[in-house]
Amino acid sequence: MSSGDLVFTALSCVFFMALVGWISWLKTRGTADTKDGYFLAGRGLGATFIAGSLLLTNLSAEQLIGLNGSSYGFNMSSMGWEVTAAVATIAMALIFLPKYLAGAFTTLPQFLNDRFDPTVRRMSVVLFMLGYGFVTIPSVLYSGSVAVLLLFDIPALTGLAYFPALVATVIVIGVIGAVYAIFGGLRAVAISDTLNGVGLLIIGVLVPVFGLMALGDGSMGDGLAQITTQNPEKLNAIGSSTDPTPFGTLFTGMIFANLFYWCTNQYVIQRTLGARSLAEGQKGVLFSGFFKILVPFMMMIPGVIAFHMYGPGLGTIDEAYPRLIRDVLPVYLSGFFLAVLLGAVFSSFNSLLNSAATLFSLDVYAPARGDKATDAELVRVAKIASIVIALFSFVVAPLLYFSPEGLWQIIRIFTGFYNIPTIVIVLVGLFTARVPALGAKLVIIFHVITYGLIRFVFDDSITLHFIHLYAVLFWIEVGIMLLCGWLAPREKLWSFTAKAEVDMTPWRFAKPLAVTLFSCVVATYLLFSPIGLASASGMGALFAVLIGILVIANAAIWALAARRLAPA
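Computed from a predicted model, the values in this text were never measured in an experiment.

Visitor: Any chance you could break down the overall build of the protein chain for me, citing the residues and the numbers?
Guide: Along the protein chain, the regular secondary structure elements total 24 helices and zero strands. Against the globule reference of 24 Å for 568 residues, the protein chain gives a C-alpha radius of gyration of 24 Å, in line with a compact fold. Its C-alpha atoms give the protein chain principal-axis dimensions of about 70 × 60 × 55 Å. Out of the 568 residues in the protein chain, the part that is buried amounts to 57%.

Visitor: Now, about the packing of aromatic side chains: what can you tell me, with residues and values included?
Guide: Evaluated as defined, the whole model comprises 24 aromatic pairs. Between Phe297 and Phe528, the aromatic rings sit 5.4 Å apart at their centres with planes inclined by 55°, giving tilted as the arrangement. Placement of the pair is Phe297 in helix H14 (residues 278–299) and Phe528 in the loop between helix H23 (510–527) and helix H24 (541–565), with a sequence separation of 231 residues. Judged by centre distance (5.6 Å) and plane angle (90°), the ring pair of Phe466 and Tyr470 falls under edge-to-face. You can see Phe466 and its partner Tyr470 sitting in helix H22 (residues 466–487), four residues apart, about one turn around the helix. By relative accessible area, Tyr470 is classed as buried at 3%. Every member of this aromatic cluster is reached through a ring pair, and the members are Phe96, Tyr100, Phe105 and Phe111. Above the ring of Phe496, the side-chain terminus of Lys99 is found at 4.8 Å from the ring centroid. Positioned above the aromatic ring of Phe307 is the side chain of Lys234, whose terminal nitrogen or guanidinium carbon lies 4.4 Å from the ring centre.

Visitor: Which residues make up the nonpolar core, and what values go with them?
Guide: One finds Phe96, Tyr100, Tyr132, Leu286, Phe337, Phe349 and Met481 to be the most contacted residues of the largest nonpolar core, which totals 157 residues. Aside from chain neighbours lying at most four places away, what touches Tyr100 is Met92, Phe105, Leu108, Cys263, Thr264, Ile269, Leu273 and Val426.

Visitor: Provide a residue-level description of H24, including the pertinent values.
Guide: Given a rise of 1.5 Å per residue, 25 residues ought to cover 36 Å, and the 36 Å separating the end C-alpha atoms of H24 matches this to within 8%. Along H24, the positions that sit buried rather than exposed are Phe543, Leu550, Asn554 and Ala561. The inward-facing, buried residues of H24 contact H23.

Visitor: Break down a nonpolar patch on the surface for me, citing the residues and quoting the values.
Guide: A cluster of nonpolar side chains, contributed by Phe414, Ile445, Ile449, Leu453, Phe456, Val457, Phe458, Ile462, Leu464, Val472 and Ile476, occupies part of the molecular surface with about 950 Å² of accessible area. For the nonpolar patch, the secondary structure elements donating two or more residues are helix H21 (437–456) and H22. Ranked by residues supplied to the nonpolar patch, first place goes to H21 with four residues. With respect to the helices and strands, Phe456 occurs in helix H21.

Visitor: An account of the packing of helix H4 (residues 61–73) against helix H16 (residues 320–328) is requested, with residue identities and associated values reported.
Guide: Packing of H4 against H16 leaves a shortest axis separation of 7 Å and a crossing angle of 100°. As the angle between them shows, H4 and H16 are arranged roughly perpendicular. Here Leu64, Ile65, Asn68 and Tyr72 of H4 lie close against H16, whose contacting residues are Ala320, Tyr321 and Pro322. In the contact of H4 with H16, the residues fall into six nonpolar, one polar and no charged.

Visitor: Break down the pattern of salt bridges for me, with residues and values.
Guide: Counted according to the given criterion, the structure contains seven salt bridges. In this structure, Glu82 and Lys292 form a salt bridge, with 2.2 Å as the shortest nitrogen-oxygen distance. Here Glu82 is found in helix H5 (residues 80–83), whereas its partner Lys292 is found in helix H14, with 210 residues between them in sequence. For Glu280, the salt bridge is made with Arg276, and the minimal N-O distance between the two is 3.6 Å.

Visitor: Outline helix H7 (residues 108–115), listing residues and values.
Guide: Those residues of H7 that sit buried are Leu108, Pro109, Phe111, Leu112 and Arg115. Summarising the axial view, the buried residues of H7 lie within an arc of 155°, below the 170-degree limit, and thus occupy one face. If you follow the buried residues of H7, they end up packed against helix H6 (85–102), helix H8 (118–152), helix H13 (266–273), helix H17 (334–369) and helix H20 (419–431). If you check the start of H7, you find a side-chain oxygen 3.1 Å away from the backbone N of Gln110, and it comes from Thr107.

Visitor: Account for the state of the cysteines, with residues named and values stated.
Guide: According to the stated counting rule, one finds zero disulfides in the structure shown. Of the cysteine sulfurs around Cys263, a residue in no disulfide, the closest is that of Cys520, at 19 Å. By relative accessible area, which is 0% here, Cys263 ends up buried.

Visitor: Quick rundown of unusual backbone geometry? Include the residues and the values.
Guide: Of note, the phi angle at Ala104 is positive, near 55°, even though the residue is not glycine. Here the phi dihedral of Asn231 falls at roughly 50°; this positive angle occurs in a residue that is not glycine. When you line up the elements, Asn231 lands in the loop between helix H11 (220–229) and helix H12 (253–263).

Visitor: Give a description of the environment of Gly370 that names residues and reports values.
Guide: With respect to the helices, strands and loops of the structure, Gly370 is situated in the loop between H17 and helix H18 (375–399). Taking the C-alpha atoms as reference points, Gly370 and Asp153, 217 residues apart in sequence, are found 51 Å from one another.

Visitor: So, the environment of Ile389: which residues are in play, and what are the values?
Guide: With respect to the helices and strands, the residue Ile389 is situated in helix H18. A C-alpha to C-alpha distance of 6.8 Å links Ile389 and Gly133, two positions 256 residues apart in sequence. Each residue touching Ile389, except ones within four places of it in the same chain, is listed here: Met129, Ile137, Leu353, Ala356 and Ala357.

Visitor: I'd like a description of the environment of Pro367, backed by residues and values.
Guide: Here Pro367 shows up in helix H17. The class of Pro367 is partly exposed, set by a relative accessible area of 42%. In this structure the C-alpha to C-alpha distance between Pro367 and Tyr142, which are 225 residues apart in sequence, comes to 33 Å.

The rules behind these values
Residue numbers run consecutively from 1 along every chain, following the written order of its sequence. Note on the predicted model: pLDDT of at least 70 is required for a residue's local features to be given, and 80 or more for side-chain atom pairs to be given and counted; whole-chain, interface and lining totals, by contrast, use all residues. Side-chain measures were taken over the full set of non-hydrogen atoms in the model, leaving aside hydrogen atoms and water. By definition, any uninterrupted DSSP run of H or I lasting at least four residues is a helix, any uninterrupted run of E lasting at least two residues is a strand, and each is numbered from the N terminus. Radius of gyration: over C-alpha atoms. The globule rule applied is 2.2 Å multiplied by the number of residues raised to the 0.38 power. Throughout this description, buried means an accessible area under 20% of the type-specific maximum (1.4 Å probe, protein chains only), exposed means over 50%, and partly exposed covers the range between. Aromatic pairs are defined between Phe, Tyr and Trp rings, using the six-membered ring for Trp, whenever the two ring centres lie within 6.5 Å; interplanar angles under 30 degrees are classed as stacked, those over 60 as edge-to-face, and all others as tilted. By definition here, charges over rings are those cases where NZ of Lys or CZ of Arg is within 6 Å of the ring centre and within 35 degrees of the ring normal. Buried Ala, Val, Leu, Ile, Met, Phe, Trp, Tyr and Cys residues that are joined via side-chain atoms within 4.5 Å together make up what is termed a nonpolar core. The contact criterion used is simple: two residues touch if any of their non-hydrogen atoms lie within 4.5 Å. Expected span, for any helix, means 1.5 Å times one less than how many residues it has. Note that patches include only residues with greater than 30% relative accessible area and no salt bridge, and the join distances are 9 Å for like charges and 5 Å for nonpolar side chains (Val, Leu, Ile, Met, Phe, Trp, Tyr). Computed by Shrake-Rupley with a 1.4 Å probe, the accessible areas treat only the displayed protein chains as cover when residues are assessed. Salt bridges are defined as contacts in which a side-chain nitrogen from Lys or Arg sits within 4 Å of a carboxyl oxygen from Asp or Glu. Each axis is a line fitted through C-alpha atoms, and for a helix only the stretch in contact is used; angles between axes span 0 to 180 degrees, taken between their N-to-C directions. Reported orientations rely on four angle classes, namely roughly parallel under 35 degrees, roughly antiparallel over 145, roughly perpendicular from 65 to 115, and oblique for the rest. We call Asp, Glu, Lys and Arg charged. Ala, Val, Leu, Ile, Met, Phe, Trp, Tyr, Cys and Pro are nonpolar, and the rest, Gly among them, are polar. Starting at the helix axis, one direction is taken to each C-beta atom, and the arc is that of these directions. Under this definition, polar contacts are N or O atom pairs within 3.5 Å; protein pairs additionally need one hydrogen-donor-capable and one acceptor-capable atom, and for neighbouring residues in sequence, both atoms have to be side-chain atoms. Throughout, disulfides are identified as pairs of cysteine sulfur atoms within 2.5 Å of each other.

Take it as geometry only, folks, not as evidence of what the structure does.
Quick look at the structure:
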């Protein structure tokens, strides 16, 4: 870039970021003074803000770089993490969210306290806080900063060496992202996420279009023909045992990993707990599921395009997306793209920060204070906790530079310490009445010890894929809880107490839309399979027949739903 282009990029980026900040400020003035206002956006979030915030909370720089790198270096198999997440959003909308809203819960540990006891609540908070503070928040900052460094060559622009430039980028991104979480609460996070989400969708469409045009010498159609006829195996999502995500894992541990993330992970579900009604919450969650279906097209097809443009000769697979952006994105969009990229990083960072502060304030500080803690005091404590956690992450994030090969391994290992026991405890807690708190405590202790031994002591001898390992541990831990319920049941059967603070009327189109969403998951896998685009001979009759069956089945379900919902 010339100096003039750099100035234009910087100014346009600042303009778009300032616009998002200004709109967020206008929409949140005076709304974050109370406990519900700060932590749950006053229980007033609509479907649009819920869907937008879920989208940006989930998608960040590591997806933009990592997913495109995976499709460049391997194939489309890694879309399993994204596309099958739509199934988990269905479970959240129809099963988990009605329970959460009916109980008027602010945090997941609050539900665990209600279902089990305060000790289980404290144990779950410890797991979340350690995971967020030591790994998830610093890794989001680190990966986002690395993405900015790769895409815009910050060391060359500033004259700094790589590590000082990394530290400076971490601090700048962290400070700006923390402002939304600390001073605006969840509503500011949700609004800024939604605005940045619109930008991400625009960029997600434009990059493949510009890439296909560049590949086809100005013709998008020629570029599309090239990626579908040359090396079509790159478009195969049915992963083998040697691919990043083997297809079989979709039916074992992937199910439980997605259920944890979309149905029980505090920093994801917190915006759904702030829904102004069950219907709005269900709409937002299901709409976010449809966005997940778009991820392969927006965040993996560019990697395939990069393979056709550059061949397999790039230094690392993570260079694919940054190189494509530099080569095909017009200069007049560079500032907008940078603002969107930073917005995606801010979203994940400030959502994590807001949720970590919520957990500390409501599940650590408030129980210690009893009934003495006022709303103003809880909000003040949350803001102080946010500042402390943010400063801590500024110190930890750059240190990941010294073990860059281990970043993703670290994230995977430490997420595994709390994802499976959390989903086990919540599922068994929701659907049984006899299982005591002892079962939950044993599961947490068993999982931390067993998982730690498998990952750090017996990692060479246990070769089972880590996603399959999730499933094995899940069923063992469910068995532990059910055995406790049989041998030492609760003296008094647990019963759910409804105390909803919002309208609990379900959205009338939730179930038929859930069927359509699931059909889209199946259709996406059919498209990126050996009977679809990954076929050397092109899509055949079998693909058309199966898609036709899905269309007819959905038409029948919607017709039946319309008849049921029609006024008498």
